[in-house]
Amino acid sequence: MTTTKALPRSTSFYVILRRVVLIVGLILLSVCLAVWAFSPTLARWQLNRVLSPYDVQLSDDSVMRLNPFILKLSIQDVKLLASQTGKDLARIDSGFVDVDTSSLFSKELKFEGFSVTGFSLLASRSASDITMAGFSMSAQQAEADESAAGVRAAAMLEVSPKSAADSLDGSIKIAPVDNSAAAASEKLDLPKESIWRVNAKKIEFDDISIAIDNIGVRHQLTIESLIVSAVAIDQHSQSFTVSRSAVVDGAPLSMVASLGAKSRAGQLEIDFSMNNYPLSRVGYLLGEYVSDVSGSVDVNIRQHIDFDEASILLDVPELKVQFSNLAAVGKGVALDSEELTAIINSGRLEIREDSAPEVDAQFSVGGKLTRISSENRRDTLLQYASLDIADGKLAFVDFPEVAIGKTVVDKLLVSEKGGAPDSDADKKKAMQAIAAIDKVSVIKLDFKDGHMAVDTMRFDGLDGSVHLDSDKKPSNLVALEQPATKDTGAIEGIKTVELEQPADSPVEERNAPLTYSINQLAVSDGSHFNFSDSSVKPVFRQKIEFTKFEVSQLDSRHPDRRMTFDIQVKTDKYASTTIVGSMQPFAEKVNFQANANVREYSLPKVSPYLKKALGFEMLSGQFDTKIKLEIVDNIIDGESKLSIRGLKLSSKDAAQPNLLKDQGAMPLNSALGMLMDDKGNFKLKVPLTGDIEKPGFGPASFIALVSKKAIMSSAQSYLVETFVPYANVLSVVMMAGEC
């Protein structure tokens, strides 16, 4: 009989333990191998069960493999397909997620590697729904989700609908927040202690393609490289850096952003640039008032944001937006610009608890060859060769404040009919513009408290022109047709909100009329103004050359303040006019004072205007006049000393019979003939009296005055010839005639 020697009890325990460990290890190894081997199939099967209600599924060759030994998930040729059509909705060529296993024991999710390459996605939006990678959401559901998000945000900020409406007065109210971790976790529904941390050295996305169909317009976003680095996130602090290189609708885009936050306070840095983005891709977003837009835009921005529980401070060291070859057509008007540039330097936006936002920025604006024209681009409303707005400052607390150091506009053109830049035939047919100015300069413009103040405004090389047609309407004024507006009532889906005016901002103050002032307005020597009037025959034409034009102290805030003016012009080689005076342009009643001197003005030029009133034409002659005029509270007082030389009138037969009858016993041409010497010269004083509503001078009074002078002149001649011996009586009669 054979006997077996029993093992010691301690030895048998270790053998059993080793066998158990070996068996468990083999089981775990088998499970891990099974997970590694069958995870693609299991993943497709499980995910397709979840995706089936959405009519999407993974392709059969999609591979998502989990390596449980190193906790690494690998992705290969993953495709999301439409169940009915088999259309590709989303795709990932390759990728992996590698998690540091040991970090899990210290409550940390640490990514040793995270990379996705070749990701593509289809998205679309219509009037009724939004679809992304085959997942559809109705517009009503999106609106409900947005509304719910707004309610949650309002709840977090403890803002009621009433206080939200009140904040529309320009202030943003941020509720006080308890700094304790318990209060934060309760409000955000988070654990009271931070348990997990997330860390990653680098998360990479390469070759990402997103196609977006937005209401029938296709956009393409291609991200060449998206890197998220230095990721460290827990309950109380977050920090990471994002760098992106992409192409949006063919325009290169780059961005670098970094966030560092702790205990609800932190900083955010953003550096963004996009070049040559085609505006035609977003023209449809501008609404019905812009039917067509083309050109490109460049955007460059650097900004720094500091935030905490009670304030947000945004600093913008640089913001530049530049439009190139811009062309846009709206209702009744078209805009074409070679270049438009806006630059903000040292911009600053500050939002603090219980206070209105504060804005402060320095800016400049520039432009090249810009034209605003009629919709068919035939008639020009405004055009300039270059625009330079320099040393601009913008501030906003309760009301906007703007200060501009200098504005210069070169080759300004205002209101020109015809003359389309791309048509030589139209250029030949173009009418002279109302104003063509070589240079417009505005020095020191300030807008504050509803008042715009300009220190100096100067026009160099002005060539103005006004042409009146037979109806006395300016024929070279471009008038745009206003688009018809229809009252369609409330727009469906848009809610009308009536806002209450804040107690500290009365309606009267907000609706106060804007005022303006100009310290000095000048037109350069050598500027011209052309005037023609086709309503009279022959057509009246006059060219005026400015030798001096200065206006000072124009201020709409002070109706009693006098504006002064000094105007000197030449109407031909020898004729000139000078007007110097002052007036109160904003007073309720007219208050005006001026001294005018007109020399050697040609009478035949004004004959078409006087022919109807006088009844005959002035064939030749010149006149000088000195006018001293003062108007005080609408009452006129003044005198005009008229001197006429070389006057030659039309014959008596050419005079109009009806006017001769109206003029009384002595026709005006006969009376003038009696006053003139043998060279056609005579002098006359014309009193200027009456009220501005009913002045006591005009053609009728002039005719009466001339007739009186002629009768007295005739009486004087008769008395001289008949009563020479009676000199004393003659003197009395002559004195009476002068009165």
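These numbers were taken from a predicted model, which means no experiment stands behind them.

Chemist: Would you take a moment to explain the overall build of the chain for this structure?
Modeler: Scanning the chain for helices and strands turns up 11 helices and 29 strands. Going through the 739 residues of the chain one by one, you find that 31% of them count as buried. A separation threshold of at least 6 residues defines the contact pool for the chain, and within that pool the share at least 24 residues apart is 55%. With an accessible surface of roughly 44,700 Å², the chain has 58% of that area assigned to carbon and sulfur atoms.

Chemist: Can you help me understand the nonpolar core in this one?
Modeler: Generally speaking, a soluble globular protein has its nonpolar side chains buried in company with each other. In terms of nonpolar packing, the biggest core is built from 47 residues, with Leu80, Phe272 and Met274 touching the most fellow members. Contacts of Leu80, omitting those with residues within four sequence positions, involve Leu51, Val56, Gln57, Leu58, Lys87, Asp88, Leu89, Ala90, Ala133 and Phe135. Residues Leu412, Ile437, Val442 and Met618 belong to the second largest nonpolar core, which totals 46 residues.

Chemist: Explain the packing of aromatic side chains to me, please; I cannot follow it from the model alone.
Modeler: Geometrically, a pair of aromatic rings is defined through the distance of the ring centres and the angle of the planes. All told, the structure shown has eight aromatic pairs when counted by the stated rule. Centroid distance Tyr516 to Phe586: 5.7 Å. Interplanar angle 80 degrees. Geometry classified as edge-to-face. Taken together, the positions of Tyr516 in strand S21 (residues 515-523) and Phe586 in the loop between strand S25 (576-583) and strand S26 (592-602) put the pair 70 residues apart, joining distant regions of the chain. In this structure Phe586 comes out as partly exposed when scored by relative accessible area, which is 27%. Relative to Phe549, the ring of Phe546 has its centre 5.6 Å away and its plane inclined at 85 degrees; by these criteria the two rings are edge-to-face. Of the two residues, Phe546 and Phe549, both sit in the buried class.

Chemist: For this particular structure, what's the right way to read unusual backbone geometry?
Modeler: Negative phi characterises most residues that are not glycine, and trans characterises most peptide bonds. A cis amide bond links Lys537 to the next residue, Pro538, at an omega of -5 degrees. By the element assignment, Pro538 lies in the loop between strand S22 (528-533) and strand S23 (540-555). Look at Ala133: it is not a glycine, yet its phi comes out positive at around 55 degrees. In this structure, Lys411 takes a positive phi of about 55 degrees despite not being glycine. Mapped onto the elements, Lys411 comes out in strand S18 (residues 400-416).

Chemist: What is the right way to read the environment of Gly581 from this model?
Modeler: Assignment of secondary structure puts Gly581 in strand S25. In the structure, Gly581 is positioned 14 residues away from Asn595 in sequence and 6.2 Å away in space, judged by C-alpha atoms. Leaving out residues up to four positions away in the same chain, Gly581 has contacts with Met563, Thr564, Phe565, Gln593 and Ala594.

Chemist: Would you mind going over the pairing of strand S11 (residues 251-262) with me for this structure?
Modeler: Regular strands show a simple pattern: their side chains alternate between the two faces of the sheet. Looking at chain direction, strand S10 (residues 237-248) and S11 are connected through 12 bridges and run antiparallel. Note that in S11 the partner of Thr241 across the bridge is Ser258. If you look at the hairpin formed by S10 and S11, you'll find two residues sitting between the two strands, and Asp249 has a positive phi there, around 50 degrees. One ladder, built from 10 bridges, connects S11 with strand S12 (residues 265-278); its direction is antiparallel. Among the inter-strand pairings, Met255 is bridged to a residue of S12, identified as Phe272. Hairpin connection between S11 and S12: a loop of two residues separates the two successive antiparallel strands, and Ser263 in this loop has a positive phi of roughly 55 degrees.

Chemist: Please explain the environment of Thr341 as it appears in this structure.
Modeler: Counting through the fold element by element, Thr341 comes out in strand S15 (residues 333-352). Between the alpha carbons of Thr341 and Gln322 there is a distance of 4.3 Å; along the sequence they are 19 residues apart. Excluding its chain neighbours within four sequence positions, the residues that come into contact with Thr341 are Lys320, Val321, Gln322, Ser364, Val365 and Gly366. A polar contact is formed between the side chain of Thr341 and the side chain of Gln322, at a distance of 3.4 Å.

Chemist: I keep staring at a nonpolar patch on the surface and nothing clicks. Help me out?
Modeler: On the surface, a cluster of nonpolar side chains totalling about 550 Å² of accessible area is made up of Leu22, Leu26, Leu29, Leu33, Phe69 and Ile70. Here Leu33 shows up in helix H1 (residues 9-51). For Leu33, a relative accessible area of 42% puts it in the partly exposed group.

Chemist: Whenever I open this one, the confidence of the model for the chain confuses me. Can you help?
Modeler: Low pLDDT means the predicted atomic positions in that stretch should not be read closely. Of the residues in the chain, 74% reach a pLDDT of 70 or more, and the chain-wide mean stands at 78. Below a pLDDT of 50 lies the segment residues 486-499, which in the model reaches one contact outside its immediate sequence neighbourhood of four places, other chains included. Here residues 652-666 is a poorly scored stretch, pLDDT under 50, and it has 25 contacts once near neighbours within four places are set aside; other chains count.

Chemist: Explain the pattern of salt bridges here, please?
Modeler: When the charged atoms of two side chains with opposite charge come close together, those side chains can pair. Counted by the stated rule, this structure contains 14 salt bridges. With a shortest N-O distance of 2.8 Å, Arg458 and Asp460 are connected by a salt bridge. Across the salt bridge formed by Arg561 and Asp555, the nearest N and O atoms sit 3.4 Å from each other. By relative accessible area, Asp555 is classed as buried at 5%.

Chemist: Sorry if this is basic, but what is going on with the environment of Asp469 here?
Modeler: Structurally, the position occupied by Asp469 is in the loop between strand S20 (451-468) and helix H6 (507-510). The contact partners of Asp469, leaving out residues within four places of it in the chain, are Ser475, Asp533, Ser534 and Ser535. Here Asp471 takes part through its backbone nitrogen, which lies 2.9 Å from a polar atom of the side chain of Asp469.

Chemist: Help me understand the side chain of Gln542, please; the structure alone is not making it clear to me.
Modeler: Following the sequence through the fold, Gln542 ends up in strand S23. At 2.8 Å, the side chain of Gln542 and the backbone oxygen of Thr571 are in polar contact. A distance of 3.3 Å separates polar atoms of two side chains, one belonging to Gln542 and the other to Lys605. In contact with Gln542, other than residues within four places in its own chain, are Phe529, Asn530, Phe531, Thr571, Tyr601 and Lys605.

Criteria and thresholds
Residues numbered from 1 in each chain as written. Predicted model: local features only at pLDDT ≥ 70, side-chain atom pairs only at ≥ 80, totals over all residues. Heavy atoms only, no water. Helix = DSSP H or I, 4+ residues; strand = E, 2+ residues; numbered from the N terminus. Buried < 20%, exposed > 50% of the residue type's maximum accessible area, 1.4 Å probe, protein only. Contact = heavy atoms within 4.5 Å. Areas by Shrake-Rupley, 256 points an atom, 1.4 Å probe, with all protein chains shown as cover. Core = buried A, V, L, I, M, F, W, Y, C linked by side-chain atoms within 4.5 Å. Phe/Tyr/Trp six-rings, centres within 6.5 Å; stacked < 30°, edge-to-face > 60°. Pairing = 2+ DSSP bridges. Polar contact = N/O pair within 3.5 Å; in protein donor to acceptor, adjacent residues only side chain to side chain. Patch = residues over 30% accessible without salt bridge, like charges linked within 9 Å, V, L, I, M, F, W, Y side chains within 5 Å. Salt bridge = Lys/Arg side-chain N within 4 Å of Asp/Glu carboxyl O. pLDDT = per-residue confidence, 0-100.

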